[in-house]
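# Observations on the model geometry
Take a look at the letters that make up each chain.
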Amino acid sequence: MYSLVRSSHPATGVEHSLSCNFFHTGEKNLVVAGANVLRVFRLVPDLDSRGKEEDQSRLKMECVASWELFGWIQSMASVRLTGGERDSLLLTFKDAKLSLVEYNPDNHDLQTLSLHHFEDEEVRGGIIHNEWVPSVRVDPDNRCAAMLAYGRKIVILPFKRDMTSGMEGEDSTADLSLDGLALSNSSRVMPSYTLDLATVIQTHTVDNIIDIQFLHGYNQPTLLILYEPLKTYAGRIAVRKDTCRLDVVTLDVKEKLAAFIWSREVLPFDCVRAVPVPQPVGGTLVFAVNSLFYLNQGIPIYGVSLNSTGDKGVTTDILIKQLEGVKLSLDCAVADFLSPDQLVISLKGGELYVLSLLVDSMRSVKGFHLDKAAASVLTTCVSLAGPGYLFLGSRLGNSLLLKFTSREAGQVGQARRQEREPPNKKKRLDMQGDWLDTELEMDTEFEMYGSQETAAHKINAFTFEVCDSLLNIGPCGQVAMGEPAFLSEEFTSSAPDPDIELVTTAGHAKNGALCLLQKTVRPQVVTTFELPGCQDMWTVYSGQGKQEHAFLILSRNESSMILQTGQEINELDSSGFYTTGPTVFSGNLGSNQFIVQVTHDSVLLLKDSDLVQTVPLDLDSRITFACISDPHLAVLASSGQAAVLTLTGGQLSVVKTRIGELPGRAKSPFLAISLYRDVSGLLTSENRLVGNRDRRTGRQASTANVQDLDEEDELLYGSSDAAGSVFGGAGVADQGCEEEEPWRRHLEQVTATYWLVGVRESGNFELYSVPDFSLRFVSLNFPHQLDVLVDNMSTRATSHAEPTRGLDRLSPLTEILLVGLGMQGHRPVLLGRTKNSELVMYEVYPYYSRSLAPEQLKIRFKKINHGLILRERRSKTKKDVAPPTPILRSSLRYFSDIAGYEGVFLPGPYPHWLFFTARGELRTHPMPIDGSVTTFAPFHNVNCPQGFLYFNRKSELRICVLPAHLSYDAPWPVRKVPLRCTPHYITFHIESKTFAVITSVAEQTNKIWKFNGDDKELSIEDRSDRFIYPTMDKFSLQLFSPNTWEPIPGTKVQLDDWEYVTCMKHLYLSSEGMHSGQRGFIVVGTNFSYGEDITSRGHVKIYDIIEVVPEPGQPLTKNKIKTMYDKEQKGPVTAISAVSGFLVSTVGQKIYIWQFKDKDLHGIAFIDSQVYVHQIHSLKNFLLVGDVYKSINVLQYQQDYRTVSLISRDTNPMEVYACEFTIDNGHLGFVASDSMRNLCVFMYSPESREAMGGHRLMRKADIHVGQHINCMWRVRAKLSDPSTSQRLLAANEKRHVTWYATLDGSIGHLLPVAEKTYRRLLMLMNVMTNNLPHTAGLNPKGFRTIRQNRKDMRNPSRGIVDGDLVFKFTDLTAALKAEFARKIGTSADEIMDDLAELDRNAAHF
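First, a word on scope: everything that follows refers to the structure included in this document. (Residues numbered from 1 in each chain as written. Predicted model: local features only at pLDDT ≥ 70, side-chain atom pairs only at ≥ 80, totals over all residues. Heavy atoms only, no water.)

Turning next to unusual backbone geometry. The omega torsion of the bond from Gln 279 to Pro 280 falls at 0°, within 30 degrees of zero and hence cis. By secondary structure assignment, the location of Pro 280 is in the loop between strand E18 (271-276) and strand E19 (284-288). A cis geometry characterises the amide bond from Gly 474 onward to Pro 475, with omega recorded as -15°. As for its position among the elements, Pro 475 is in the loop between strand E32 (460-470) and strand E33 (479-482). A positive phi angle is found at Asn 1225, which is not glycine, with a value near 50°. Along the chain, Asn 1225 falls in the loop between strand E84 (1216-1224) and strand E85 (1227-1234). (Helix = DSSP H or I, 4+ residues; strand = E, 2+ residues; numbered from the N terminus.)

The following block contains the structure:
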């Protein structure tokens, strides 16, 4: 049994973030990582919601680059290498790998500078099972980096510092060349070495390192090590407490020496992290779960307890003060400094606190002040995204960009400079009470805490507001398949494949939500007409000022038809339009005042429907294509000759016919052309980077004396006016806004320029400026689909690259389109379609290099990897050739506003929508529901606002709108329904078409169950005010309607206190005495968790959903929940299923089979199981049982004998997270995911020797997914294909795709493949592993090898193709495709057909 694993929805959770100069020194970028996805954002002004006040500049995030890696990013840091033009990123991966990567402007990609790998036996020290995170830290002055490996080893990576003295990174930027110094990368990074901790710290063995950090303000790199040499835990506090230590070591990286400086021997056992304090304060904060400390060299420790558990004498013996009026815990808290003495802390529950350090004149911290600023998302990482902006990254909810403003909350004594005051803000002083009062002051907004020593400190209060968010659908706990609620009648009979959508539980606590996912677009049909014979269509506006489409022009082979579209659609009988032959193109000119209609030999200009002018064109052959960019119109004849016409003063005139030709030198004919209006300002020959550089040199002198300022805090783009005095330089304040905030340049008005792009038969891609038609950019070999289109203007190379074998069969290009997408057209995208319907896409990016001549355009084109396979499914038997049509039908349809989105529609055999919004990420959504689409047009009308038209295969004209309840700016169209509580289970009740959802709310409780010798009793514990009580989850069951996604009133079932739901499913049970046959019930298994002293027992609850008469005005109330059965069992019920109408449940360690009869359960059979069964899945009369420690078992229920027996089991221990069947015709496999993020496929094969006669399941295949999989579900492979009307393979009738969802918000599938396909793809996978450069130097084969926490004696079986790698084949250049195909003895087309087939087989939802 061979299969392919492919993730079709990328991970959306965020685990790491940082801000750095990723592209160049002129702008800060936010780099965000989660699971295996790395994304880079730029902060840009939110132009859409810009309102009244000009200075209220809200920024939002625009994604400028993203990468998916073959590894799971463990930690991330940025460093400016000597002589670097930009910051480099340090990425670490399991177990102890470190990659240093940097943006490379030559190909707009990440280049790997150096790789470091510390997984040899010496460093491992015998560790097999590695739970430690390899975290990386960088010295504030970029002298070296340190990585923690295996929790006990510290590896130092030194960087070269001998370019110039002083602040190298800052000073040398002025006179650097723009394409980087001619430093070979190896010379900037010196060899890494392991820090010998035993000789430096001789008193203790350094083990169980909790955190390492570099301290600020030392001449040499100085490393803090927080560790716990002898471990303890909460139950041993009476015997051993205060076990943590903190040691500080200084490093001499050139000599590889280290020296011990100072230490603190006694810290509480629950220390979680150290946060170094920037200059001028210095030192470090240490977070413990219940207390907070400040430490620095030469001054006594200052510590406070944050709740009564952290007080002196409870969990610690350190002399520690109570922080008044504060009750919180720093467990799972993350923090970042807003200014040198204020940091923002995000707690476990999402509360944002601002901690101010109260510093005296000796720079020692004398007090803390905590102020609750806001409550926000449950945060995984926090970083300062720019001046006045904070980014909160989250795995459990949407990540947020917050704008913060500070204002003084009182000021006495020496006033210190206001940090990070946003520019042009008037400072407000709110005098808050008498500051010399030493009593605690509770105010409406802040809790003040002070004492006599700190009375002269100024406290800033902060306000936060949300500016932007990144959608996250993870962690996907459970997934239910349901029927789409809004499906047009036209599509309901779309047998043979059912229409299903996914609903997944997401988030936790107040970030809990349900996510409704549909991978494909399902249009909402307004109406349908049958119009046979139509080849193409266009919608145009009439010039009467109404922004609605007035005419619909349909072109047939021999005639054209004009429809007037008002309240209703009628045919125009007499008009100025040309109707006696086919139309080539129609559109609007003169800001929608005029209509043009292009026929095969002339151009007509109309106003409303009256003819104004006819321009005959003689281009030696028929016109086959035309495109428009107001006021220009370009036409292309079949001979490859192009002409451009321009509208001036209400008349069209031909401006140019022979484009780019010199007298006597004919050029190769055009294959395709496109007109483009540029408002991005990218297509320019001036170097904007140098323009900024000249203004910056004045600042270099003044920055030299800021060396002791924290790098976080050198107000990164120059300073705000308030801070001018600190820099001491005069050349600061006059730098203007450009220097201070790079996003201001996005507000500049760009004058529009016009361009004509064309591809010639010779393969040259050319860019001409209009109207002077000078050639500005030439790139050779465009059909080879190169990764980067480079300007060959200066070389004027006449020699062509030597042809690679296999390139002669390339499918010819039929059409190109250059269009400005993204935020207000700032991201130009070039699209090209070939004859076999495939698509190639490029984005324009700015490129400045010394090698460019001054008149050249400072751009390059970078290929966008979209992974779409749009070709028609080849039929193995008949080769049907379509009759040639007189017009070239456009297959790239730009739309500016359909349901508020902008993008391009791709008609053809496999229609797709491409959305490219202001978020900056390309979204591709298929629309297979109506088969292939021949032509498409946007349509805005009274009865169809912001809609669209298309013709399907059956020549039906559909008038549609996009369903508005989904957001299309996401990897899959999604709707997120917030629940504000934790969702646990969800299932779809088929008969009533409702979803049952189990949720829980955590409430604080002071009650606890105790065992008093013969029975349990509930005792109430009272503690002090500062004690943090534990929480108890209160579970409930609720029905949701898929029409509104609101809870159905009156259907909430509240469970008892202490009762935990362990499983819920929709099961078909036969219930004798109530009705005949089987019926669907909602079955819930619960357990009462009273603590470890009391025997736990559970309930089985069976609910029926019945229809009742709805209450007036509340149509949703037609469903109610009726309890059919609810009784206590002898033990906890942890998993349920159904087999041939009987209920299967675990009770304790036994698996029972029950008969549901007369509203009671009667036992039929039972079998003993292993440790803790939490998954049971049934198929026919087989049961697949997943145990949390003991892997999987396969049971069989025999109806005739009424027995359940064990067929086979996996004898090796495995911590199963989820399991499911996989079916490939006659073969049955068992898939299981485990705690090490693997996916394994087992099979029952009694004939093999190792199977011991079938008692042992054989592990046939395994792959490392890299993300935890908590749920799987099965769907039959697709039977139909959009590109053909008949059914697909009969083989798919009994082939199932096993889908999975991960805790990082990724969705993927395991698809069985034929052995022949598997062998071919396996060879391809090996070739691609070895011959492609992989981001960050990661090896896909190494990443996909199964990982285990103990060595068992089996080799990895592999047996699974890595779909993420082989599907990269679709985006390779034509030369690489041909070469790889040749290496494995096949053709690129065959591989593409294979991939297309696999892609369509799993095109569900």
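There's more to say after this.
Here the focus is the pairing of strand E50 (residues 753-760). Here E50 lies mainly inside the structure; seven of its eight residues are buried. Judged from the eight bridges that link them, strand E49 (residues 670-678) and E50 form a sheet pairing that is antiparallel. In the strand pairing of E50, Leu 675 is matched with Leu 756. The pairing of E50 with strand E51 (residues 765-770) spans six bridges and is classified as antiparallel. Bridge pairing in E51 places Leu 756 opposite Tyr 768. Hairpin connection of E50 to E51: four residues between the antiparallel strands, including Gly 763 at a positive phi of 95°. (Buried < 20%, exposed > 50% of the residue type's maximum accessible area, 1.4 Å probe, protein only. Pairing = 2+ DSSP bridges.)

In the sheet, strand E47 (residues 642-648) pairs with strand E48 (residues 651-656) via five bridges, with the strands oriented antiparallel. Bridge assignment links Thr 648 to a residue of E48, and that residue is Gln 651. Counted along the chain from E47 to the antiparallel partner E48, the turn is two residues long, and its residue Gly 649 has a positive phi close to 55°.

Oppositely charged side chains are able to pair whenever their charged atoms sit close together. For the coordinates displayed, the defined rule picks out 59 salt bridges. In this structure, the salt-bridge partner of Arg 137 is Asp 211, at a minimum N-O distance of 3.0 Å. Note that Arg 137 is positioned in strand E10 (residues 136-138) and Asp 211 in strand E14 (residues 209-214), a separation of 74 residues in sequence. Relative accessible area serves as the criterion here: at 5%, Asp 211 is assigned to the buried category. When the shortest N-O distance is used, the salt bridge between Arg 1320 and Asp 1394 registers 2.4 Å. Placement of the pair is Arg 1320 in helix H8 (residues 1315-1331) and Asp 1394 in helix H12 (residues 1388-1401), with a sequence separation of 74 residues. (Salt bridge = Lys/Arg side-chain N within 4 Å of Asp/Glu carboxyl O.)

Attention shifts here to the sheet that holds strand E12 (residues 153-158). Read from one edge of the open sheet, four strands run E10-E11-E12-E13, paired in antiparallel fashion. Every interior strand has two partners, whereas the edge strands, E10 and strand E13 (193-194), have only one. Relative to strand E11 (residues 144-149), E10 runs antiparallel, the two sharing three bridges. Its bridge partner lying in E11, Val 138 is registered against Ala 145.

Sheet architecture is open: four strands sit in the order E14-E15-E16-E17, paired in antiparallel fashion. Both outer strands of the open sheet, E14 and strand E17 (257-267), are each paired with one neighbouring strand and no more. Taken pair by pair, the neighbouring strands of this sheet meet at an average axis angle of 20°, ignoring direction. Note: strand E15 (residues 222-227) against strand E16 (residues 244-252), six bridges, orientation antiparallel. (Axes fitted to C-alpha atoms, helices over the stretch in contact; angles between N-to-C directions.)

The next thing to look at is empty space enclosed by the protein. The gaps left among the atoms become clear once a water-sized probe is rolled over them. Overall, the coordinates contain eight cavities of 30 Å³ or more when judged by the stated rule. By volume, the second largest cavity amounts to about 120 Å³. Ser 7, Asn 36, Gln 1267, Ser 1306 and Asp 1364 are, among the 14 residues lining the second largest cavity, the residues nearest its centre. For the lining of the second largest cavity, the secondary structure elements donating two or more residues are strand E1 (2-9) and helix H9 (1340-1344). With three residues, E1 is the largest single contributor of residues to the lining of the second largest cavity. (1 Å grid on protein atoms, 1.4 Å probe; cavity = no way out; pocket = protein on both sides within 12 Å on 5 of 7 lines; lining within 4 Å. Points joined across faces, edges and corners; volume = space filled by probe spheres on them.)

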